[in-house]
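A structural walkthrough
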Amino acid sequence: MTRRQLWQRLTAHIDWPLLLGISLLMLASLVILYSAGEGNWSRVLGQGRNILMALVCMWAVANLPLHYLMRTAVPIYLLGMVLLIGVALFGEVSHGARRWLNLGITTIQPSELMKIGVPLMMSWYFEKHEATLTLKNYFVATLLLLVPMALIARQPDLGTAILISASGFYVLFLAGLSWRVMGVMFVAALASAPLLWSMLHDYQRHRILMLFDPSQDALGKGYHTIQGMIAVGSGGLFGKGYLQGTQTHLDFLPERTTDFIFAVYSEEFGLLGNIIILLFYLLVIGRGFIITANASTYFTRLMAGSITLTFTTYAFVNMGMVTGILPVVGVPLPLVSYGGTSMLTLLLGFGMLMSIETHKKLVKT
Amino acid sequence: MKKHVELKNHQREIFYFRLRLVISIGFVLLLFGILLARFIYLQVMRHDYYQTLAESNRISIVPIVPNRGLILDRNGVVLAHNYSGYTLEITPSKTTDLEATINELSTLVEIAPRDRKRFRKLLAERRNFETLMIRNRLTDEEVARFAAQQYRFPSVEIKARLFRDYPFGESTAHLIGYIGRINQTDVEQLEENELAANYRGSDYIGKTGLEQSYENELHGVTGVEQVEVDSGGRAIRMLSRTPPMSGNTLVLSIDAKLQEIAMQSFGNYRGALVAIDPNNGEVLAFVSKPGYDPSLFVDGIDPQNWDEMNNSPDKPLNNRALRGQYPPGSTIKPFMALAGLHYNTRAPGHTISDPGYFTLSGSGHQYRDWKKGGHGSVDMFKSIVISCDTYYYGLATELGIDNIFNFLSGFGFGKKTGIDLEGETSGLLPSQEWKTRRYKQKWYAGDTVSVGIGQGYNLVTPMQLAHATATLANDGVAYRPHLVREVRNSRTNENRLIENKPEFDLKINPAHLDLVKRAMAAVTQPGGTAAQAAIGAPYHIAGKTGTAQVVGMKQGEKYDASKLDERHRDHAWFIAFAPAEKPTIALIVLAENGGHGGGTAAPIARKVLDYYLLGKTPQPLPDVPENEEEQHD
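The rules we used
Residues numbered from 1 in each chain as written. Chains lettered and ligands numbered in written order. Predicted model: local features only at pLDDT ≥ 70, side-chain atom pairs only at ≥ 80, totals over all residues. Heavy atoms only, no water. Helix = DSSP H or I, 4+ residues; strand = E, 2+ residues; numbered from the N terminus. Contact = heavy atoms within 4.5 Å. Areas by Shrake-Rupley, 256 points an atom, 1.4 Å probe, with all protein chains shown as cover. Buried < 20%, exposed > 50% of the residue type's maximum accessible area, 1.4 Å probe, protein only. Core = buried A, V, L, I, M, F, W, Y, C linked by side-chain atoms within 4.5 Å. Domains from an automatic or database assignment. Salt bridge = Lys/Arg side-chain N within 4 Å of Asp/Glu carboxyl O. Polar contact = N/O pair within 3.5 Å; in protein donor to acceptor, adjacent residues only side chain to side chain. Expected span 1.5 Å × (residues − 1). Bend = angle between axes of the 7 residues up to and from the residue. Phe/Tyr/Trp six-rings, centres within 6.5 Å; stacked < 30°, edge-to-face > 60°. Lys NZ or Arg CZ within 6 Å of the ring centre and 35° of its normal. Axes fitted to C-alpha atoms, helices over the stretch in contact; angles between N-to-C directions. Parallel < 35°, antiparallel > 145°, perpendicular 65-115°, else oblique. Left-handed = near helix turned anticlockwise from the far one by under 90°. pLDDT = per-residue confidence, 0-100. Nonpolar A, V, L, I, M, F, W, Y, C, P; charged D, E, K, R; others polar. Pairing = 2+ DSSP bridges.

As a further point, take the overall build of chain B. When you go through chain B residue by residue, the secondary structure sums to 22 helices and 23 strands. In chain B, of all internal contacts separated by at least 6 residues, the share reaching a separation of at least 24 is 73%. Split by element, the accessible area of chain B, about 28,800 Å² in all, is 51% carbon and sulfur.

As structure tokens, this is what we get:
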């Protein structure tokens, strides 16, 4: 085998346009982390390691044939459920919530696994019943979504619960749930809002209330929002310049390498920089939609569409949170915030997109 | 034809899917449009506003620390309060040579080596931009002297701070506990409980005792002031202010005077005393002796004092009442007697003949009674009055460990009492299952024998024994013991009573209770093991003495206190309730290495009872020649 052949073999399942979009965002991540970490290389190097590990996993998933990918749906979902129930029973409490499961060797957060597991399972289910879809099937699929969501909301991890229900809803939507039923669901959701409100933890209610008046909680989360808005707003059209953000470097901005990293970026690069980041995201999302449109089977269409839309939601929720139009729910900026777990989950999703795109071609020829 | 329909359906399906996809794309563009609009609003339209906030003037958010709640006894006597005082504080980042600054300061105000040590400790664990205390409790004169010279010390300032004070010092140390500076572990704990915001600006947090277990009530709600500061950090004007809310006041069920008398009554003995109102579980006195000076901990203890306390053989930091675990000795006997009656193992009138020892059938091993030669003929009543060991060796063997375990755990042995303090230990009530787990061995009949006189594997905490005694005094109706009687809201002055509903009712046969309680009342009458301590009391005391071995005795060896090192002498126990007919107080006394329960522990209990029931302050008891019968056990 020549070197050229080897290269072709290794890269056969890489989708280059998607990889370009992802890489641009990762590059931005490293650049911002250097500034947010006060010129300290440790966060940059750590993130570099996260990226490399996640890329390897992405490559491995991209090489999985589609039927193989489908076969993982049920085991992953069941494993996730077992772990979630394990968390509910034996989980470790951290930051007032029961999210982590100690397996002796390592602690894991099963709700992360379900970010992939739920849409995968629902897509698999729809594929199985594609020929004879009735309202009953939509109902069962909704249950597949609601049970893990309820477990995660109970932990309590409102942010993740909302994101997972979004990803599940996207599958339902793409699977062709009728507008009438969606209308009914919407009305039911509105009607159950007071009930949900009564089930929320005090601190969660507090966060939602605080959204309308951040100064109410000026010492806690409201402080984050206020300082985030000052950082973004003072960035202006062109920003204060790289490494020049006063909010960041005078220690006003909390969680600047994780949930509030966008405020750091926005302060230093301004509106122009924000538009560039939005374009990077649109590149990834646009490519995701093209892959979805070209997907060959029902399962892959649903999965690809859900991955793409969920990614959009992450980005929207994080930027909305930093700029004060959404509550502080603890969602990282996808591909940019510091953190290994979210990087890994995202790239597993993109690996699936690549597999869907590249194996389709192989099937055809 | 059929195939045609399917194909059409497939195309329709694709069409509908693409339609949904187009809607999705519209949705994405909508979301990004919202973001873009928000960016333009913040970064273009409101840019000047945020620019001003960020650069020329900044909003500084200044927390206002609330006053910590008071702790009062049941009569309103102050057990913990705050007083304001002046401190001298240094901002390390504003000075280049700390050592020189401190040396220069010491020419103006006295700075002891202890202050320097504490300062170095604070320096090592400081958080960002803090001022660190070099001297506290400045006199007015020192304040004036420094104020005149302040221009020479740009990094030093005088601050008015609130200090915590514990007027009863040592005698309430294990009860009230103390506050101390917030350390890294506390910070993590607070973040975990989402309380970090409320502790911004707070320096202190409850570390032990009630200060710890009622931290949430005592701390209060931190206020906040939004001020505009210029680029130098000076406040220009106040924008808004939310006042802090002081912490709530705790009103205890403790009687401070009783607590002090109990503490003093121990004389030079170490030990513990817990007194409970059996009718509602209110703890009246909670003593662990020796105590320590809690104020030493408030500003961070210096290494010298710490080593002294930590290495002292008296272990003053050990909360004996809550955490000490001791063999219950003969104080277990009334409970064993109830178990015997309950399971019909012993009829009240059943008499044994005590030769001075018990032989376990099949082993030949002799278990000795404390009295050589035995007590002769003994029934249940007498077995309690004279504390006959032989009777209980036999009773325990016949009951069996399973019945003993089941009955005694009803009284709370082997379990935490649930008192409102942290760090309680649960003692040990042995069972077959426990021994298999702990020693991977099966339970032997011989193990049961000494459990009968509280000298086997079993261990109790003073708190636990007090709880069990109170439950017995209250005819088997148990209340969870608690120290805080009510929480007084600092703002509304509303009182929130701590509920004292009965926790459970053991439903003991009244005839059984009557027999055991009468026998316990006879313990303090002539002929009983605690007769001497009750001489002249105008009320009846029901009690039981106990002796807990510290070192094991070999077969045939005789206990001789004078031959033993003082710290190897037996621990003395006395459990009691009074008035015996209608108890209003139940208490237990443990005197470490005190020897005999009747001789050492019971007189301590008498002084406490005299004060509680008669309002009498203690005076030395009449000296009566001691005899063996009254002295032992």
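Let us keep going from here.
Helices and strands together make up the secondary structure of chain A, namely 15 helices and three strands. Across the 365 residues in chain A, those meeting the buried criterion constitute 55%. Considering only intrachain contacts with a sequence separation of at least 6, the fraction spanning at least 24 residues in chain A is 72%. Counting only carbon and sulfur atoms, one obtains 70% of the accessible surface of chain A, whose full area is about 15,600 Å².

Turning our attention to the nonpolar core. Judged by nonpolar contacts, the single largest core of 128 residues is most densely connected at Leu252, Leu273, Phe286 and Phe413 of chain B. Of all the elements, helix α16 (residues 389-410) of chain B adds the most residues to this core, at ten residues. Residues lining this core come from more than one domain, with at least three contributed by each of domain 1 (61-252) and domain 2 (321-479 + 496-631) of chain B. By size, the runner-up hydrophobic cluster in this structure holds 111 residues, among which are Met26, Met58, Val61 and Leu172 of chain A.

Look at the link from Lys289 of chain B to Pro290 of chain B: it is a cis peptide, with omega at 0°. Assignment of secondary structure puts Pro290 of chain B in the loop between β12 (282-289) and α11 (295-298). With an omega of -15°, the peptide bond between Ala578 of chain B and Pro579 of chain B qualifies as cis. Tracing the sequence through the fold places Pro579 of chain B in the loop between β22 (571-578) and β23 (585-591). One non-glycine residue, Leu243 of chain A, lies in the positive phi region at around 70°. Among the secondary structure elements, Leu243 of chain A is positioned in the loop between α11 (221-235) and α12 (246-249).

Looking now at the interface of chain A and chain B. Taken together, the contact pairs 58 residues of chain A with 43 residues of chain B. Applying the counting criterion to the chain A and chain B interface returns one salt bridge. Two residues, Glu13 of chain B and Arg301 of chain A, come together in a salt bridge whose shortest N-O distance is 3.7 Å. The interface formed by chain A and chain B holds ten residue pairs in polar contact (both at pLDDT 80 or more) in total.

Moving on to the pattern of salt bridges. All names here are of chain B. On inspection of all chains with the given rule, the structure shows 30 salt bridges over all chains. A salt bridge links Glu398 to Arg346; the shortest N-O distance between them is 3.3 Å. You can see Glu398 sitting in helix α16 and its partner Arg346 sitting in the loop between α14 (333-342) and β13 (352-354), a full 52 residues away along the chain. A relative accessible area of 52% means that Glu398 is categorised as exposed. Of the charged contacts, one joins Asp610 and Lys616 as a salt bridge, the two residues approaching to 3.8 Å between their closest N and O atoms. Among the residues examined, Asp610 registers a relative accessible area of 7% and is labelled buried. Assessed through its relative accessible area of 37%, Lys616 is described here as partly exposed. Through salt bridges with shared partners, one network takes in Arg68, Arg164, Glu211 and Glu215.

Here we come to helix α13 (residues 261-294) of chain A. Here α13 of chain A is 34 residues long, yet its end C-alpha atoms lie only 34 Å apart, well below the 50 Å a rise of 1.5 Å per residue gives. If you look at α13 of chain A, its biggest bend is around 120°, right at Gly270 of chain A.

Per the stated rule, a full pass over the model turns up 34 aromatic pairs over all chains. Here Trp434 of chain B and Tyr457 of chain B contribute two aromatic rings whose centre-to-centre distance is 5.1 Å and whose plane-to-plane angle is 65°, an arrangement assigned as edge-to-face. Residue Trp434 of chain B is found in helix α17 (residues 432-439), and its partner Tyr457 of chain B is found in the loop between α18 (445-451) and α19 (462-473); the two are separated by 23 residues along the sequence. Residue Trp434 of chain B is classed as buried on the basis of its relative accessible area, which comes to 11%. Counting every residue linked through ring pairs, the aromatic cluster contains Phe169, Tyr170, Phe173 and Trp179 of chain A together with Phe27 of chain B. The ring of Trp179 of chain A has Arg20 of chain B sitting right over it, with the charged end atom 5.0 Å from the ring centre. Its guanidinium or amino end placed over the ring of Tyr439 of chain B, Arg438 of chain B lies 4.7 Å from that ring's centre, counting from NZ or CZ.

What follows deals with the packing of α14 of chain B against helix α20 (residues 510-523) of chain B. Residue and element names in this part refer to chain B. Relative orientation of the contacting elements α14 and α20 amounts to 155°, with a least axis distance of 10 Å. As summarised for this structure, α14 and α20 are arranged roughly antiparallel, according to the angle between their axes. Between α14 and α20 the crossing geometry is right-handed. Listed contacts from α20 to Pro334, Ala337, Leu338, Leu341 and His342 of α14 are His512, Leu513, Leu515, Val516 and Met520.

Next up on the list: the confidence of the model for chain B. All names here are of chain B. Summing up the model confidence of chain B, the mean pLDDT is 85 and the portion of residues at 70 or higher is 91%. Predicted confidence for residues 1-5 stays below pLDDT 50, and this span has zero contacts to residues more than four positions away or in other chains. Both scores are available for the predicted complex, with the pTM at 0.64 and the ipTM at 0.92.

All names here are of chain A. Contact geometry for helix α6 (residues 110-128) and helix α7 (residues 135-154): axes closest at 10 Å, N-to-C directions at 170°. Regarding the angle of α6 to α7, the classification is roughly antiparallel. Contacts between α6 and α7 pair Ser111, Met114, Val118, Met121, Met122, Tyr125 and Phe126 from the former with Asn137, Tyr138, Val140, Ala141, Leu144, Leu145, Pro148 and Ile152 from the latter. Of the residues in the contact of α6 with α7, the class split is 13 nonpolar, two polar and no charged.

Looking now at the pairing of β23 of chain B. All names here are of chain B. Within β23, seven of the seven residues are buried, leaving the element largely enclosed by the surrounding structure. In this structure, strand β11 (residues 271-277) lies alongside β23, joined through six bridges in antiparallel fashion. Counterpart to Ala272 in the pairing with β23 is Leu590. Between the antiparallel neighbours β22 and β23 lie six residues.

Here Ile230 of chain A lies in helix α11. Ile230 of chain A sits in the buried class, given a relative accessible area of 2%. Remark: the alpha-carbon pair of Ile230 of chain A and Ala263 of chain A, spanning 33 residues in sequence, is separated by 8.8 Å. The contacts of Ile230 of chain A, once residues within four sequence positions are left out, are Gln247 of chain A together with Tyr50, Leu53 and Ala54 of chain B.

Another aspect to go through is the sheet that holds β11 of chain B. All names here are of chain B. Reading across the sheet, the five strands line up as β12-β11-β23-β22-β21 and stay open at both edges, with antiparallel pairing between neighbours. The open sheet has two edge strands, β12 and β21 (542-548), and neither has a second partner. The average angle at which neighbouring strand axes cross in this sheet is 5°, direction not considered. Pairing between β22 and β23: seven bridges, direction antiparallel.

Now for the pairing of strand β10 (residues 249-252) of chain B. Residues and elements named next belong to chain B. Residues Thr249 and Val251 of β10 are buried on one face, and the alternating residues Leu250 and Leu252, pointing to the opposite face, are buried as well. Strand direction decides the pairing type here: strand β2 (residues 71-72) and β10, joined by two bridges, are parallel. Residue pairing for β10: Ile71 is matched across the bridge by Leu250. Two strands pair when backbone bridges link them, and β10 and strand β18 (residues 484-488) are joined in this way by four bridges, in the antiparallel orientation. For Val251, the partnering residue across the bridge sits in β18 and is Glu486.

Averaged over all residues, the pLDDT of chain A equals 85, while 88% of them reach at least 70. Mean pLDDT values over the elements of chain A span from 62, in strand β3 (residues 107-108) of chain A, up to 95, in α13 of chain A.

As a further point, take the environment of Arg301 of chain A. Positionally, Arg301 of chain A belongs in helix α14 (residues 298-322). Through-space distance from the C-alpha of Arg301 of chain A to that of Ile356 of chain A is 8.6 Å; in sequence the pair is 55 residues apart.

In this structure, Ser165 of chain A sits in helix α8 (residues 158-174). A polar atom in the side chain of Ser165 of chain A sits 2.6 Å from the backbone oxygen of Ala161 of chain A.

Right, let's get into the environment of Ala161 of chain A. All names here are of chain A. Residue position: Ala161 is located in helix α8. A residue is classified by how much of its surface remains accessible, and Ala161, at 3% relative accessible area, is buried. Between the alpha carbons of Ala161 and Ser111 there is a distance of 8.3 Å; along the sequence they are 50 residues apart. The contact partners of Ala161, leaving out residues within four places of it in the chain, are Met149, Ile152 and Ala153.

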